[in-house]
Number of protein chains: 2
Amino acid sequence: MTAFTPETPAPATTSASAPLHDEFTLEQYPTHSPAWVDDEEHGIRVPVTRIELEDSNGRANDPVDVYRTVGPGSIPEEGLPALRFPWIENRLDTETYDARGHRIADDGRAAVRRGAPSQQWKGRKPVPRRAKSGRTVTQMHYARQGIITPEMRFVALREQCDVELVRAELAAGRAIIPNNINHPESEPMIIGKAFLVKINANIGNSAVTSSIAEEVQKLRWAAKWGADTLMDLSTGNDIHTTREWIIRNSPIPIGTVPIYQALEKVDGDANALTWEVYRDTVIEQCEQGVDYMTVHAGVLLRYVPLTADRVTGMVSRGGSIMAGWCLAHHEENFLYTHFDELCEIFARYDVAFSLGDGLRPGSIADANDAAQFAELDTLAELTERAWAHDVQVMVEGPGHIPLHLVRENVERQQELCHGAPFYTLGPLVTDIAPGYDHITSAIGATEIARYGTAMLCYVTPKEHLGLPDRDDVKTGVITYKIAAHAADIAKGHPGATVRDDALSKARFEFRWRDQFALGLDPETAEAFHDETLPAEPAKTAHFCSMCGPKFCSMRISQDIRDTYGSAEAQEALAGMQQKSREFLASGGEVYLPDPTVGLKAD
Amino acid sequence: MTAFTPETPAPATTSASAPLHDEFTLEQYPTHSPAWVDDEEHGIRVPVTRIELEDSNGRANDPVDVYRTVGPGSIPEEGLPALRFPWIENRLDTETYDARGHRIADDGRAAVRRGAPSQQWKGRKPVPRRAKSGRTVTQMHYARQGIITPEMRFVALREQCDVELVRAELAAGRAIIPNNINHPESEPMIIGKAFLVKINANIGNSAVTSSIAEEVQKLRWAAKWGADTLMDLSTGNDIHTTREWIIRNSPIPIGTVPIYQALEKVDGDANALTWEVYRDTVIEQCEQGVDYMTVHAGVLLRYVPLTADRVTGMVSRGGSIMAGWCLAHHEENFLYTHFDELCEIFARYDVAFSLGDGLRPGSIADANDAAQFAELDTLAELTERAWAHDVQVMVEGPGHIPLHLVRENVERQQELCHGAPFYTLGPLVTDIAPGYDHITSAIGATEIARYGTAMLCYVTPKEHLGLPDRDDVKTGVITYKIAAHAADIAKGHPGATVRDDALSKARFEFRWRDQFALGLDPETAEAFHDETLPAEPAKTAHFCSMCGPKFCSMRISQDIRDTYGSAEAQEALAGMQQKSREFLASGGEVYLPDPTVGLKAD
């Protein structure tokens, strides 16, 4: 195996201490701070959030390091430092070139704000880079060559696993590292079922609302709360410029659905779409640094009629566009017929496919039906075709699925697609709770991740009703952190319960501030506590508002432990525990009569 | 089988139209209204919420009737009509008697507000009733005699099932109808895995906060959003009087934990508790009309040391009190040693046991451990002992359990306790999200209900942090309605998807108001929609803010359906569908090479 020797990435401290335009800090709590885990031998260091803890009655508690997606911090107009630039350059397999460039049509029909943001930009104006002729620059390609890249070492450190596991999973297609060579600002992360479950946040303006500044804010906000990747689903104005600002400021991979922008270029007329317009849009986005793209190449002409009898027809925007196009032209989906050309493009930039499920069910009534599974068969075929080009692939999944049918989705996908990472939207397990679909979908998401889904696309409370605002983004991200983490625990992922156990210990010992700090949202936890007991001493008090000072189960329990923990009580404890064990060993049972007969006689 | 012929219950229209002291109405949306499902033969009628729907392009949609727990409405100072009074009286097996009465100590150490509420009370002052000597008046007893009671008919109508199923499940102990003969205001409901999954809301003042008015408000609020039962966990002042107001106003069963009030009577000193104080408290509550009581009789002296090495010791308040008492006195738990006397008392009023899990885990680290399962063995023994008295029983369960260990809990309980209804608190599947534990627990709750838990105790966002306010109660109830409903669907409960399907159809047809009305929280859904598109016409517009007017997957999909739905398109459709079927029947596959070898060659 060949390992590159990368230069040490630029320290992030300068940027982290630079003033931010946001009114929020990147840290979540006063006892949180950025720290690094080092691989000194290879000059790699990975950011973590370090949570310092109070003592337990004089005995020190080790700080807890948690996975950190927020990045080193940036000034929005300047963007992030290009962490991976030396790694990419040192491989000597890429070149800059006279690229397509930014064109007037790229920003859509009414690019009203394009001028100002372009003038404000003070950061790097990257020259696009692509693979040299005849070279393939994907992480899958390197992995299959037996090459360990700095990107692989970075994710191995992040995941606290052996780098060979990373390489092997990439080579087999069971994991991807989405990181376009034109997005060197990103901190590598891995999506695959052998690793921590990841979550994606969607943002994006539409024709109706939103601005560039808001979208960059949402990115930074989503990453602050723990989003692992972000999809920019903009459909309105200034698509290109908005995306530029997002990518240059993003420490996490960025995904898009290029058909949305292509549609804007043909004035919203789906029938006017062509392969050429689409291809041009894809290249534009490859040059900008988009890390993965949703491609609805599995919506085949012959599948469309399978949706006619559904309760909710087609609910995927991209899928509907392609279905409409197929029918209008009586031709096969051009994304399918040109799929190998797409693979060749993606291989030049290391863009990953996110194979879109355009025929996913939009209601539990339509779950696991012929249309959905027919498309999945085609996505499996396309996975193989992409792999033949060493292009990384993940496969998108539903949607709306009742709980008892969820597991079948991931098991079927894993079997048909030979373990390619599954990336699902929820799924929602009931349709009766608009306004609460972050919850209906988190239930399904935990179930599907438990059985192997590698990344979960979040759902916010506004799903089906409107566009998420900042609070909705936060709620969606935290809800999905819960789902992903609960699945990690259920999968027995190594070390998954460290944070749970530290928090539970803090809870038991009434270390309120540590309990807040170890939670996913310390601010909210502290605010909820303070609503009932705002006085400062209450945070160190050995009781809480649920029971009041004289009546506290935790305290009684602590007293019991203290009793048994005293020197003189140890002997008595040992005796009682022995007695308990004997009782349990003897079966610990009493005579149980048949409950259905004879019980009335007393 | 003998069937009672009850009088027709008093119509509820008078009360429903009476002015309420609350600022909210009992209905959730303008298109919701109270309606009744009738069993004319037996003079029983069951309230439902009727949701009227708009037409689908001129074709009428049937209204959707949904389960209604909110009751007929009452004036708080007057209470509800005594719906079940004639049913109880007609059985001729009960008598009124010179009861214990309300004593000064019943309201706790500082009964500051007791005077005023007692003077304000204008409603019924019920004379307590109990079984005549030698009679048993539990629904289990009647069921085992083959008697169909009006209560059974009422729940059969509510559940839309055969009344014989109700009787058989009650007789076998696999379901309970908690309805104390001294709470005739209640509308019977059933808890058992053959029926719809139910949810409980906890409220209660503590020494730190809250008032009687707030607690009654919370009851009405919880029932409005769908709570099936309510536990009054008050530990502070005016316990007796608060409970009186709650019960007289409650259309749903009320549960308590009598040890809390008993502890107040001995000035908060757990060591001073005695069986006599406890028994007296239980009788006081039986006479008031409490429908089920949590009894921590499974916390045995020999189990206490099993908790000493836990991360979070004991977290059940009642369990800790009893454990502390056992250790202080070096005696066995008096709830265990006097359990048969408790059964005799409960049999006289038809109070159901909720066998408390005092040793439940308080963190995922402690899940499914020796202490928890040792106590469960004893709860199984106690279930049998209660059944020997024809007393109804449900068994409480955890708590904090990682997702992969959840199913074992309900399956073990169901086996050991011969199908006695399981009633669990969540469980939470991770400990890292204080402030969001309604979500962490809803994930576990859906899983455990799917495998047979009959009732879920809600968890609010304030869990572990403070006392829930009205918003928290609403959030907790709706979150748990989602969990219960998702489990009903996963269990294949008959008719469970009717509401989902109606809502999905409304969504697909852009009937926005119907989509809101069919949701669990129409107000919030409408408000979320209006944040982005507040204009009135938007609610009937064929697009939404996610996509904008020209770019809507639902519309494209509708267009596709319209195309295939036209007369001239039917033939083409049939041909295409046939082609699709042929493709699928032929295996629908392409050649898939082994993904782990040879894919680099292209």
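Residues numbered from 1 in each chain as written. Chains lettered and ligands numbered in written order. Predicted model: local features only at pLDDT ≥ 70, side-chain atom pairs only at ≥ 80, totals over all residues. Heavy atoms only, no water.

Undergrad: I tried to follow the overall build of chain A on my own but got confused; where do I start?
TA: Helix and strand content of chain A: 22 helices and 15 strands. Within chain A, buried positions represent 68% of all 602 residues. A sequence separation of at least 24 residues applies to 75% of the contacts in chain A between residues at least 6 apart. Per element, the accessible surface of chain A, about 19,700 Å² overall, is 51% carbon and sulfur. (Helix = DSSP H or I, 4+ residues; strand = E, 2+ residues; numbered from the N terminus. Buried < 20%, exposed > 50% of the residue type's maximum accessible area, 1.4 Å probe, protein only. Contact = heavy atoms within 4.5 Å. Areas by Shrake-Rupley, 256 points an atom, 1.4 Å probe, with all protein chains shown as cover.)

Undergrad: Quick question: what am I supposed to make of the sheet that holds strand S10 (residues 254-256) of chain A here?
TA: Through backbone hydrogen bonds, the strands of a sheet pair up, either in parallel or in antiparallel fashion. All names here are of chain A. Reading around the barrel, the eight strands line up as S8-S9-S10-S11-S12-S13-S14-S15 and close back on themselves, with parallel pairing between neighbours. Taken pair by pair, the neighbouring strands of this sheet meet at an average axis angle of 25°, ignoring direction. Running at roughly 165° to strand S8 (residues 198-203), helix H7 (residues 212-225) makes contact with S8, strand S9 (229-232) and S10 of the sheet. Of the strands in this sheet, S8 and strand S15 (455-457) are in contact with helix H17 (residues 470-490), which crosses S8 at around 160°. (Pairing = 2+ DSSP bridges. Axes fitted to C-alpha atoms, helices over the stretch in contact; angles between N-to-C directions.)

Undergrad: Sorry, what's going on with the packing of helix H9 (residues 258-265) of chain A against helix H10 (residues 275-288) of chain A here?
TA: Two quantities define a packed helix pair, namely the angle between the helix axes and the distance between the axes. Residue and element names in this part refer to chain A. Where H9 meets H10, the axes come as close as 9 Å, and the angle between the chain directions of the two elements is 120°. Here H9 is positioned oblique relative to H10, judged by the angle of their axes. The handedness of the crossing between H9 and H10 is right-handed. For the pair H9 and H10, contact is made by Pro258, Ile259, Gln261, Ala262 and Lys265 and by Val277, Tyr278, Asp280, Thr281, Val282, Glu284 and Gln285, respectively. In the contact of H9 with H10, the residues fall into six nonpolar, three polar and three charged. (Parallel < 35°, antiparallel > 145°, perpendicular 65-115°, else oblique. Left-handed = near helix turned anticlockwise from the far one by under 90°. Nonpolar A, V, L, I, M, F, W, Y, C, P; charged D, E, K, R; others polar.)

Undergrad: When you look at the pattern of salt bridges in this model, what are you seeing that I'm missing?
TA: Pairs can form between side chains of opposite charge whenever their charged atoms are close. All names here are of chain A. A complete count under the given rule lists 69 salt bridges over all chains for this structure. Note that arginine 174 and glutamate 169 form a salt bridge whose closest N and O atoms lie 2.9 Å from each other. For arginine 174, a relative accessible area of 28% corresponds to the partly exposed category. Given the relative accessible area of 8%, glutamate 169 is considered buried. Note that aspartate 472 and lysine 462 form a salt bridge whose closest N and O atoms lie 2.6 Å from each other. Of the two residues, aspartate 472 sits in helix H17 while lysine 462 sits in the loop between S15 and H17, which places them 10 residues apart along the sequence. (Salt bridge = Lys/Arg side-chain N within 4 Å of Asp/Glu carboxyl O.)

Undergrad: Can you walk me through the confidence of the model for chain A in this structure?
TA: The predicted coordinates should not be examined in detail at positions where pLDDT is low. All names here are of chain A. Of the residues in chain A, 81% reach a pLDDT of 70 or more, and the chain-wide mean stands at 86. Overall, residues 1-20 carries pLDDT values under 50, and its contacts beyond four positions in sequence, including any with other chains, amount to 43 contacts. Predicted confidence is poor over residues 588-602, with pLDDT under 50, and the contacts of this stretch with residues over four places away or in other chains come to 29 contacts. Per the prediction output, this complex has pTM 0.89; the corresponding ipTM is 0.89. (pLDDT = per-residue confidence, 0-100.)

Undergrad: Help me understand the packing of helix H13 (residues 339-349) of chain A against helix H14 (residues 370-388) of chain A in this model?
TA: All names here are of chain A. It is at 9 Å that the axes of H13 and H14 come closest, and there the two elements cross at 45°. The orientation of H13 relative to H14 falls into the category oblique. Considering how the two elements wind past one another, H13 and H14 form a crossing that is right-handed. Across from Phe339, Asp340 and Cys343 in H13, the residues of H14 making contact are Leu382, Arg385 and Ala386. Here the residues of the contact of H13 with H14 are counted per class, giving four nonpolar, no polar and two charged.

Undergrad: Help me understand the sheet that holds strand S1 (residues 32-39) of chain A, please; the structure alone is not making it clear to me.
TA: All names here are of chain A. Spatial strand order, S1-S2-S3: three strands in an open sheet with antiparallel pairing. Among the strands making up the open sheet, the edge pair consists of S1 and strand S3 (64-67). This sheet shows a mean twist of 45° between the axes of neighbouring strands, independent of strand direction. With four bridges connecting them, strand S2 (residues 44-51) and S3 associate as antiparallel partners. Bridging across to S3, valine 48 finds its partner in tyrosine 67. Sitting on the sheet, helix H5 (residues 150-159) is in contact with S1, S2 and S3, with an inclination near 25° to S2.

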